[in-house]
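Secondary and tertiary structure notes
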Amino acid sequence: MCVLVLAGGCGDNPRENNASREGLPERVGKIDYNVYITRELNLRDVEDSGYYKGPEAPPGFALYGVFLTACNPADSATSPNIDPATDFTVIDTQGNRFKPLTLPADNIWAYHARPLKHKACIPKAGTLAAAGPTNGSLLIFKLPLTTLENRPLDLEIVSPPDATTGRSETGRVELDI
(Lines give C-alpha, C1' and ligand atoms only; values in the text may rest on other atoms or scores of the structure.)
Protein backbone atom coordinates (compact mmCIF):
# COMPACT_ATOMS: atom_id res chain seq x y z
CA MET A 1 0.00 0.00 0.00
CA CYS A 2 1.35 3.42 -1.00
CA VAL A 3 0.34 6.64 0.62
CA LEU A 4 0.91 9.92 -1.10
CA VAL A 5 0.88 12.98 1.08
CA LEU A 6 0.77 16.40 -0.49
CA ALA A 7 1.42 19.42 1.64
CA GLY A 8 0.68 22.87 0.42
CA GLY A 9 0.95 26.21 2.02
CA CYS A 10 -2.09 28.37 2.36
CA GLY A 11 -2.12 32.05 2.94
CA ASP A 12 -3.65 35.34 1.99
CA ASN A 13 -1.17 36.04 -0.79
CA PRO A 14 0.61 33.26 -2.66
CA ARG A 15 2.53 35.79 -4.79
CA GLU A 16 6.27 36.19 -4.38
CA ASN A 17 7.23 38.85 -1.78
CA ASN A 18 3.53 39.31 -0.97
CA ALA A 19 3.22 41.39 -4.12
CA SER A 20 -0.24 42.09 -5.43
CA ARG A 21 -1.03 41.86 -9.14
CA GLU A 22 -1.16 44.59 -11.71
CA GLY A 23 -4.74 45.79 -12.13
CA LEU A 24 -5.68 45.22 -8.47
CA PRO A 25 -5.53 47.99 -5.86
CA GLU A 26 -2.81 47.79 -3.24
CA ARG A 27 -3.41 49.76 -0.03
CA VAL A 28 -0.21 51.38 1.21
CA GLY A 29 -0.69 53.70 4.13
CA LYS A 30 -4.13 55.18 3.58
CA ILE A 31 -3.89 55.35 -0.23
CA ASP A 32 -4.96 52.75 -2.81
CA TYR A 33 -2.43 52.31 -5.63
CA ASN A 34 -3.36 50.53 -8.84
CA VAL A 35 -0.84 49.74 -11.58
CA TYR A 36 -2.85 49.52 -14.79
CA ILE A 37 -0.10 48.66 -17.22
CA THR A 38 3.66 48.35 -17.43
CA ARG A 39 5.30 48.35 -20.83
CA GLU A 40 8.42 49.24 -22.71
CA LEU A 41 8.37 52.74 -24.17
CA ASN A 42 9.48 53.26 -27.76
CA LEU A 43 10.25 56.95 -28.13
CA ARG A 44 10.15 56.62 -31.93
CA ASP A 45 6.48 55.67 -31.67
CA VAL A 46 4.05 58.59 -31.96
CA GLU A 47 2.10 57.72 -28.79
CA ASP A 48 5.15 57.00 -26.65
CA SER A 49 7.01 60.12 -27.78
CA GLY A 50 4.25 62.15 -26.14
CA TYR A 51 4.87 60.53 -22.75
CA TYR A 52 8.55 61.43 -22.49
CA LYS A 53 10.69 64.07 -24.19
CA GLY A 54 14.02 62.84 -22.82
CA PRO A 55 16.76 60.81 -24.45
CA GLU A 56 16.26 57.24 -25.61
CA ALA A 57 17.68 54.47 -23.46
CA PRO A 58 21.34 53.76 -24.19
CA PRO A 59 22.39 50.38 -25.64
CA GLY A 60 21.77 47.58 -23.16
CA PHE A 61 18.92 49.46 -21.46
CA ALA A 62 15.20 50.00 -22.02
CA LEU A 63 12.71 52.56 -20.75
CA TYR A 64 9.68 51.07 -19.03
CA GLY A 65 6.56 53.05 -18.23
CA VAL A 66 4.53 52.15 -15.17
CA PHE A 67 1.06 53.69 -15.42
CA LEU A 68 -0.72 53.87 -12.07
CA THR A 69 -3.34 55.63 -10.01
CA ALA A 70 -3.20 56.69 -6.37
CA CYS A 71 -6.56 57.30 -4.68
CA ASN A 72 -7.73 58.33 -1.22
CA PRO A 73 -10.63 55.92 -0.55
CA ALA A 74 -11.95 57.81 2.52
CA ASP A 75 -15.75 58.19 2.39
CA SER A 76 -16.12 61.19 4.66
CA ALA A 77 -15.72 64.75 3.42
CA THR A 78 -14.32 65.55 6.86
CA SER A 79 -11.44 63.11 6.41
CA PRO A 80 -8.06 64.82 6.34
CA ASN A 81 -6.11 65.15 3.09
CA ILE A 82 -3.60 62.31 2.71
CA ASP A 83 -0.14 62.59 1.18
CA PRO A 84 0.51 59.82 -1.36
CA ALA A 85 3.85 58.09 -1.88
CA THR A 86 6.79 59.70 -3.61
CA ASP A 87 9.10 56.72 -2.99
CA PHE A 88 8.88 54.11 -5.76
CA THR A 89 11.46 51.44 -6.62
CA VAL A 90 11.53 48.56 -9.12
CA ILE A 91 13.20 45.51 -7.57
CA ASP A 92 14.28 42.36 -9.41
CA THR A 93 14.73 38.87 -7.96
CA GLN A 94 18.45 39.53 -7.40
CA GLY A 95 17.69 42.51 -5.16
CA ASN A 96 18.76 45.12 -7.72
CA ARG A 97 16.86 48.36 -7.16
CA PHE A 98 15.91 51.01 -9.71
CA LYS A 99 14.43 54.46 -9.07
CA PRO A 100 12.20 56.27 -11.57
CA LEU A 101 13.51 59.02 -13.80
CA THR A 102 12.64 62.56 -12.76
CA LEU A 103 9.98 63.90 -15.11
CA PRO A 104 9.35 67.63 -15.60
CA ALA A 105 6.51 69.34 -13.75
CA ASP A 106 4.83 70.22 -17.05
CA ASN A 107 4.60 66.58 -18.20
CA ILE A 108 0.83 65.95 -18.15
CA TRP A 109 1.33 62.17 -18.00
CA ALA A 110 3.83 62.16 -15.09
CA TYR A 111 3.00 61.03 -11.57
CA HIS A 112 3.27 64.12 -9.38
CA ALA A 113 2.28 63.59 -5.76
CA ARG A 114 -0.11 66.06 -4.16
CA PRO A 115 -2.30 65.82 -1.02
CA LEU A 116 -5.49 63.91 -1.79
CA LYS A 117 -8.85 64.78 -0.25
CA HIS A 118 -11.49 62.04 0.14
CA LYS A 119 -12.25 60.18 -3.12
CA ALA A 120 -9.56 62.17 -5.00
CA CYS A 121 -7.00 60.48 -7.25
CA ILE A 122 -3.76 60.95 -9.10
CA PRO A 123 -4.25 61.52 -11.96
CA LYS A 124 -7.19 63.89 -11.52
CA ALA A 125 -10.46 62.73 -13.03
CA GLY A 126 -11.05 64.18 -16.49
CA THR A 127 -7.37 64.74 -17.30
CA LEU A 128 -5.73 63.17 -20.33
CA ALA A 129 -3.73 60.86 -18.05
CA ALA A 130 -6.93 59.61 -16.38
CA ALA A 131 -8.95 59.30 -19.58
CA GLY A 132 -6.21 58.28 -22.01
CA PRO A 133 -5.31 54.78 -23.19
CA THR A 134 -3.20 54.04 -20.11
CA ASN A 135 -5.67 55.29 -17.45
CA GLY A 136 -2.90 56.39 -15.12
CA SER A 137 -0.02 58.67 -14.27
CA LEU A 138 3.43 57.69 -15.47
CA LEU A 139 6.62 56.60 -13.75
CA ILE A 140 9.53 55.82 -16.10
CA PHE A 141 12.32 53.43 -15.18
CA LYS A 142 15.55 52.93 -17.14
CA LEU A 143 16.24 49.22 -16.73
CA PRO A 144 19.22 47.17 -17.90
CA LEU A 145 18.06 44.51 -20.35
CA THR A 146 19.71 41.87 -18.12
CA THR A 147 17.20 42.77 -15.40
CA LEU A 148 14.45 41.23 -17.52
CA GLU A 149 16.14 37.87 -16.89
CA ASN A 150 15.55 38.42 -13.15
CA ARG A 151 11.76 38.44 -13.20
CA PRO A 152 9.33 38.91 -11.68
CA LEU A 153 9.96 42.59 -11.15
CA ASP A 154 8.13 44.29 -8.31
CA LEU A 155 7.20 47.91 -7.86
CA GLU A 156 7.83 48.79 -4.22
CA ILE A 157 5.72 51.66 -2.88
CA VAL A 158 6.67 53.34 0.40
CA SER A 159 4.15 55.65 2.05
CA PRO A 160 5.19 58.90 3.70
CA PRO A 161 5.55 58.56 7.49
CA ASP A 162 2.22 58.53 9.33
CA ALA A 163 1.67 61.80 11.21
CA THR A 164 0.74 59.96 14.41
CA THR A 165 3.12 57.00 14.51
CA GLY A 166 5.94 58.31 12.34
CA ARG A 167 6.06 54.94 10.55
CA SER A 168 5.94 54.33 6.81
CA GLU A 169 4.21 51.37 5.18
CA THR A 170 5.53 49.41 2.21
CA GLY A 171 3.59 47.55 -0.46
CA ARG A 172 4.56 45.69 -3.62
CA VAL A 173 2.96 45.16 -7.00
CA GLU A 174 4.31 42.50 -9.35
CA LEU A 175 4.81 44.15 -12.72
CA ASP A 176 3.51 42.30 -15.77
CA ILE A 177 6.62 42.55 -17.95
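Look up: the structure comes first, before these words.
Residues numbered from 1 in each chain as written. Predicted model: local features only at pLDDT ≥ 70, side-chain atom pairs only at ≥ 80, totals over all residues. Heavy atoms only, no water.

**Looking at the sheet that holds strand β6 (residues 97-98)**
The 5 strands lie next to each other as β1-β10-β9-β5-β6, forming an open sheet whose pairing is mixed. Here the strands that pair on one side only, and so sit at the sheet edges, are β1 (20-21) and β6. Both strand β5 (residues 87-91) and strand β9 (residues 153-158) contribute to a ladder of 5 bridges, which runs antiparallel. Paired with D87 across the strands is V158, a residue of β9. (Pairing = 2+ DSSP bridges. Helix = DSSP H or I, 4+ residues; strand = E, 2+ residues; numbered from the N terminus.)

**Digging into the pattern of salt bridges**
This model, assessed by the stated rule, comprises 9 salt bridges. We note a salt bridge from R39 to E47, for which the minimum N-O separation is 3.4 Å. Residue R44 pairs with E56 through a salt bridge whose shortest N-O separation is 3.0 Å. Of this pair, R44 sits in the loop between β3 (31-40) and α1 (46-51) while E56 is found in the loop between α1 and β4 (61-71), placing the two residues 12 residues apart along the sequence. Taken together, the shared-partner salt bridges in this structure form one network comprising R39, E47 and D48. (Salt bridge = Lys/Arg side-chain N within 4 Å of Asp/Glu carboxyl O.)

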